[in-house]
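Spelled out from the first residue to the last, the chains are:
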Amino acid sequence: MTARATGERTLRGRVAVIGIGETNYYRHGASPDPEFKLALKAILAACNDAGLDPREIDGFSSYSDDRSDAARLAAALGIRRLSTTTMQWGGGGGGCCAAVANAAASIVAGLADCVVVFRSLAQGQYGRFGQAGGIGTISGERAYLMPYGVLAPPQRFAMRVRRYMHEHGVRQEAMQAIALASYHHAQSNPRAVMFGKPLDPEKYNASRWIAEPFHLFDCCMENDGAAAIILVPEERAGDFRNKPAYVLGAATGAGYRSGAMPHNSPQYASASFETLAPALYRMAGISPADVDVVQSYENFTGGVVMALAEHGFFKPEEANDFLVLDNLIAPSGRLPLNTSGGNLAECYMHGFELVIEAVRQIRGQSVNQVKRNDVAMVIGGPMVTPASNLLLGSGATL
Amino acid sequence: MSDTPRAAYLPEGLPSPVPENDGLSAPYWAGLQQNRLLVQRCPHCTTWQFGPEWLCHHCHSFDVEWTEVEPRGRIFSWERIWSPSHDALRGRGPYLAVLVELPHAGHVRMVGNLLGDPLQTITIGTDVEGVFEHHHDAVPRYSLLHWQAAG
């Protein structure tokens, strides 16, 4: 049963993902298409997957200041009526689940009927994320960091992870296991940018340091591509080609003064899910033991360690024992993780490829399909503010 | 604390820090140029605050005052950076960044470089003292605050 009749304020069971679409994924700067064209291709692929006339779309939702503007998309696609256009505040992948939640909320509130959630990226056209240059002066948070050579994302997050390792005795091998799991899964995924490029512990250990404690393989790739999903109200979920994946819960934000800059968050050694994880489980009405498969955003492996612990899969002090490759791989590890290869090895689509993989797992269509597949979790943007998370479920969970 | 002229820790060419155009952090940056470390403190509820904001996050008073504090603290976390991400840093690695907490100023934290051997062993909790680094020739001129093991 859905919660619809109770009047409870929830997304649980009220909205379904009925279409998923992706472009080819490319190394950064290698897309033959410009960014806006990638967005269009992904959206049309999602419509085709669903068996939906694209003109029925009436809303757009995205994050990280996506440059593919909703008004232009609506005009380009010739949609008949534009209802909702939501952009999640915050940079990077912290919004990848929040964008889904915002779209779902629009539908539950009656503001829209058929919303596309998407991310599009062409770094050849717009420049890379990891590099900083050509700036004469700097103010705000970055003024306290950049003059000290703390510029790129790995440099901005390494000290958070180092502190977490110090407080909880987490070893490098725990982060290594997360990298190995992503690469392991990518070897079965022809879409993955790192398909055909396996990783083993020796190669991980021999890889260069980017910023200690991050080796090269602890850091996400940078890629070009686009990905999209389509959401409709629960009552329409059965009208389309594929098995629906229902939103069971979502949460977005962070805890007390999490955004205090520079590096002054009270809960510094944290992935920012102290308030979000309980909120997610509360809305979905489930516990960590009910989760069958997890897609957890790897900007850096250390953030995944924190995020999984904060979602209750193990205590921080148990990270070294829990985070070993056998536990993290499909089909039957204790907690199959990043089963498409994720940000490290499939494509860094700012986590939206993770949302799509969660839908595939619920449908039973993953190239690394887990055996139990009724509940799939996505965790977006560890260590940033706001962060977000999402639980999807099969019809059997409602 | 020392203020002897010395080569800058990192090469010139990184962006110069300047206050926001609303001036919020101007006293902080001006203080560094005078070998003074200023941190916001609320005179009403004694809450310390860094980075600066227009009001006290605890009692919401707008009367937050810039208060001079001794530039000393202890290492809260650290990183050794090997991969350059700015043209000015090509070939300059590794180097060390530290996050230093100031127990005598409400445990506020600030990022700086740790002077000395870039391959030195670093222990979280180590006491450090501040070293002002002046970029008088930069346009606009500015100063930074680095750290070294307390003598």
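Remember, it's a predicted structure, so these values are computed and weren't measured experimentally.

## A few points about the sheet that holds strand β4 (residues 65-69) of chain B
Residues and elements named next belong to chain B.
For step 1, the next point in the chain: Overall, antiparallel pairing links the three strands, which are arranged β3-β2-β4 in an open sheet. Single-partner strands in this sheet number two, and they are β3 (48-49) and β4.
For step 2, the next point in the chain: Two elements, strand β2 (residues 37-41) and β4, share five bridges in a ladder whose sense is antiparallel. Looking at the pairing, Gln 40 lines up with Trp 66 of β4.
For step 3, the next point in the chain: Strand contacts of helix α1 (residues 26-33): β2 and β4, with the helix running at about 155 degrees to β2, the strand carrying the most contacts.

## Description of the side chain of Glu 79 of chain B
For step 1, the next point in the chain: On the secondary structure map, Glu 79 of chain B appears in strand β5 (residues 72-81).
For step 2, the next point in the chain: Look at Glu 79 of chain B: it is buried, it has no salt bridge, and the nearest opposite charge is Arg 162 of chain A at 8.5 Å.
For step 3, the next point in the chain: In contact with Glu 79 of chain B, not counting residues within four places along its chain, are Val 150, Pro 154, Gln 155, Ala 158, Met 159, Ala 211 and Glu 212 of chain A together with Tyr 95, Leu 96 and Ala 97 of chain B.

## Concerning the UniProt feature "domain: ChsH2 C-terminal OB-fold" (unreviewed entry) in chain B
For step 1, the next point in the chain: Taken from the UniProt record, the annotation "domain: ChsH2 C-terminal OB-fold" (unreviewed entry) applies to residues 66-133 of chain B.
For step 2, the next point in the chain: Taken end to end, residues 66-133 of chain B has its terminal C-alpha atoms 21 Å apart, with 0% of it in helix and 51% in strand.

## Some points on helix α5 (residues 153-168) of chain A
All names here are of chain A.
For step 1, the next point in the chain: With 16 residues, α5 ought to run about 22 Å at 1.5 Å a step, and its terminal C-alpha atoms sit 23 Å apart, in line with that.
For step 2, the next point in the chain: Looking at α5, one finds that the buried residues are Pro 154, Gln 155, Phe 157, Ala 158, Met 159, Arg 160, Val 161, Arg 162, Arg 163, Tyr 164 and Met 165.
For step 3, the next point in the chain: Gly 169 lies just past α5 and shows a positive phi near 70 degrees.

## Describing the pairing of strand β10 (residues 245-253) of chain A
Residue and element names in this part refer to chain A.
For step 1, the next point in the chain: Across the nine residues of β10, eight count as buried, placing the element largely inside the fold.
For step 2, the next point in the chain: Note: strand β1 (residues 15-22) against β10, two bridges, orientation antiparallel. The residue bridging Ala 16 from the neighbouring strand is Tyr 246, located in β10.
For step 3, the next point in the chain: Sheet topology note: the β10/strand β13 (residues 387-393) ladder contains seven bridges and is antiparallel. In the strand pairing of β13, Gly 253 is matched with Ala 387.

What counts and what doesn't
- Residues numbered from 1 in each chain as written.
- Chains lettered and ligands numbered in written order.
- Predicted model: local features only at pLDDT ≥ 70, side-chain atom pairs only at ≥ 80, totals over all residues.
- Heavy atoms only, no water.
- Pairing = 2+ DSSP bridges.
- Helix = DSSP H or I, 4+ residues; strand = E, 2+ residues; numbered from the N terminus.
- Contact = heavy atoms within 4.5 Å.
- Axes fitted to C-alpha atoms, helices over the stretch in contact; angles between N-to-C directions.
- Buried < 20%, exposed > 50% of the residue type's maximum accessible area, 1.4 Å probe, protein only.
- Lys, Arg positive; Asp, Glu negative; His and termini not counted.
- Salt bridge = Lys/Arg side-chain N within 4 Å of Asp/Glu carboxyl O.
- UniProt positions renumbered as here; feature names shortened; annotations may be inferred.
- Expected span 1.5 Å × (residues − 1).

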